[in-house]
Amino acid sequence: QLWLRYAPLAIIMAIAVFARLWQIDQFPFGTWFDEATNGLEAAQILKEPSYRPVFLDSTTLLPAQFNYLVAAAFALFGVSTTSVRLVTAGFGVAAVLFAYLLFRRWLGERIGLVAAAMFAVLRYSLNFSRLGMHGITVPAFEVAFLFFLDRALERKRLSDFAWMGLTLGFGLSFYFAFRLFPVVLAVFAGGMILAALIRRRDSALRRLQGHL
C-alpha cells in the first residue's frame, strides 16, 4: 500500500523537523552576532521599501537573498531570533528530502532512506539548521542541484534543466562556499570524460589486435 511505502520517509522527515525545531527559541542560547546582523538587515528590508540590497556590507558583502527570506519569516511569524532560525531549519529539512530523492535515484529506495536518515541527524546539519546563518544553504542547494541534474540528463525535459539552473544560481547567490561546488563538478566531469576516452582507446586497441 502507498502509505506503507512512504511511512519510513515520513518518520525520517518527522525526526528531521523535530530535531531542528525542538526548543529552537532556547537552544543555542541567546542570539549570535551573525544571527543578529541578519535579523537587523531583514528588519530594515521590511521597514524601508526603498532598501533592497543585493549585497550587504554588514555581512562582509554576502548576497542578500538569505535576508529576504528572513524578512519573509519576520512578516509571517514576527521579528525574533526564532524567525531567523526557522529559515535555516527549513533549509536543513530540504536537504534531508533532496538527499532521499537523489540517492534513491542513484542507488535505490533503501539507500535513499539511509541517506535521508544520515542527513536528518548529522551534527553539521543540526548545528547550522538551528543557527540563523548562511552556511546550511550550501548542502541543501548541492543535493537539490545534483538531483535535478541527474533527472535532466535522463528525461531531457526543459523543466528539469530549468530547476537545475535555478538551484545552481540560487546556491551561488546564498553563500560564498558554494562557489567551490562548480569547480568540484568540473573536476568530476573532466575525470568522467578522461575515463570514457581511456575506455574508448582500450576498446579500439583490442579491436585492432583482434584484426592482427
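Preceding this paragraph is the structure being described.
Here the structure is a predicted model, which is why all the values come from computation and not from measurement.

Enquirer: Describe in detail helix α8 (residues 158-174), supporting the description with residues and values.
Expert: Between its first and last C-alpha atoms α8 spans 24 Å; for 17 residues at 1.5 Å apiece the expected length is 24 Å, and the two agree. Lining the buried residues of α8 we find β2 (62-63), α3 (65-77), α4 (81-107) and α7 (137-155).

Enquirer: An account of the pattern of salt bridges is requested, with residue identities and associated values reported.
Expert: On inspection of all chains with the given rule, the structure shows 6 salt bridges. A salt bridge links Asp160 to Arg155; the nearest nitrogen and oxygen atoms lie 2.9 Å apart. Across the pair Arg201 and Asp202 runs a salt bridge whose closest N-O atoms are separated by 3.1 Å. For Asp202, a relative accessible area of 26% gives the class partly exposed. Several salt bridges share partner residues, and in doing so they unite Arg105, Asp150 and Glu154 into one network.

Enquirer: Would you mind going over the packing of α4 against helix α5 (residues 109-121) in detail, with residue names and values included?
Expert: Close contact between α4 and α5 brings their axes to 7 Å; oriented N to C, the two are set at 155°. Comparing the axis directions of α4 and α5 gives the class roughly antiparallel. As α4 packs across α5, the resulting crossing turns out to be right-handed. For the pair α4 and α5, the contacting residues are Ala95, Val96, Ala99, Tyr100, Phe103, Arg104 and Leu107 in the first and Glu109, Ile111, Gly112, Leu113, Ala115, Ala116, Phe119 and Ala120 in the second. Residues that form the contact of α4 with α5 fall into these classes: 12 nonpolar, 1 polar and 2 charged.

Enquirer: Report on the layout of surface pockets, specifying residues and quantitative values.
Expert: The computed volume of the largest pocket comes to approximately 250 Å³. Along the walls of the largest pocket sit Trp106, Phe145, Leu146, Leu149, Asp150, Leu153, Val184, Leu185, Phe188 and Ala189, which together make up its complete lining. Of all the secondary-structure elements, those providing two or more residues to the lining of the largest pocket are α7 and α9 (180-211). In terms of residue count, α7 provides more of the lining of the largest pocket than any other element does, 5 residues in total.

Enquirer: So what's going on with the nonpolar core? Residues and values would help.
Expert: If you look at the biggest cluster of nonpolar residues, it comprises 42 residues, and the most contacted ones within it are Val70, Phe91, Val96 and Phe98. Among the secondary structure elements, those contributing two or more residues to this core are α1 (2-21), α2 (33-47), α3, α4, α5, α7 and α8. Here this core takes 11 residues from α4, the largest share from any one element. Residue contacts for Val96: discarding those within four places in its chain leaves Ile12, Met13, Ala16, Arg20, Ala116, Phe119 and Ala120.

Enquirer: How would you summarise α2 if you had to cite specific residues and measurements?
Expert: Turn by turn, an α-helix covers 3.6 residues, leaving residues three or four places apart pointing in a common direction. Counted at 1.5 Å a residue, the expected span for α2 with its 15 residues is 21 Å, and the 21 Å between its end C-alpha atoms agrees. Buried within α2 we find Glu35, Thr37, Asn38, Gly39, Glu41, Ala42 and Ile45. The inward-facing, buried residues of α2 contact β1 (55-56), α3 and α4.

Rules used throughout
- Residues numbered from 1 in each chain as written.
- Predicted model: local features only at pLDDT ≥ 70, side-chain atom pairs only at ≥ 80, totals over all residues.
- Heavy atoms only, no water.
- Helix = DSSP H or I, 4+ residues; strand = E, 2+ residues; numbered from the N terminus.
- Expected span 1.5 Å × (residues − 1).
- Contact = heavy atoms within 4.5 Å.
- Salt bridge = Lys/Arg side-chain N within 4 Å of Asp/Glu carboxyl O.
- Buried < 20%, exposed > 50% of the residue type's maximum accessible area, 1.4 Å probe, protein only.
- Axes fitted to C-alpha atoms, helices over the stretch in contact; angles between N-to-C directions.
- Parallel < 35°, antiparallel > 145°, perpendicular 65-115°, else oblique.
- Left-handed = near helix turned anticlockwise from the far one by under 90°.
- Nonpolar A, V, L, I, M, F, W, Y, C, P; charged D, E, K, R; others polar.
- 1 Å grid on protein atoms, 1.4 Å probe; cavity = no way out; pocket = protein on both sides within 12 Å on 5 of 7 lines; lining within 4 Å.
- Points joined across faces, edges and corners; volume = space filled by probe spheres on them.
- Core = buried A, V, L, I, M, F, W, Y, C linked by side-chain atoms within 4.5 Å.

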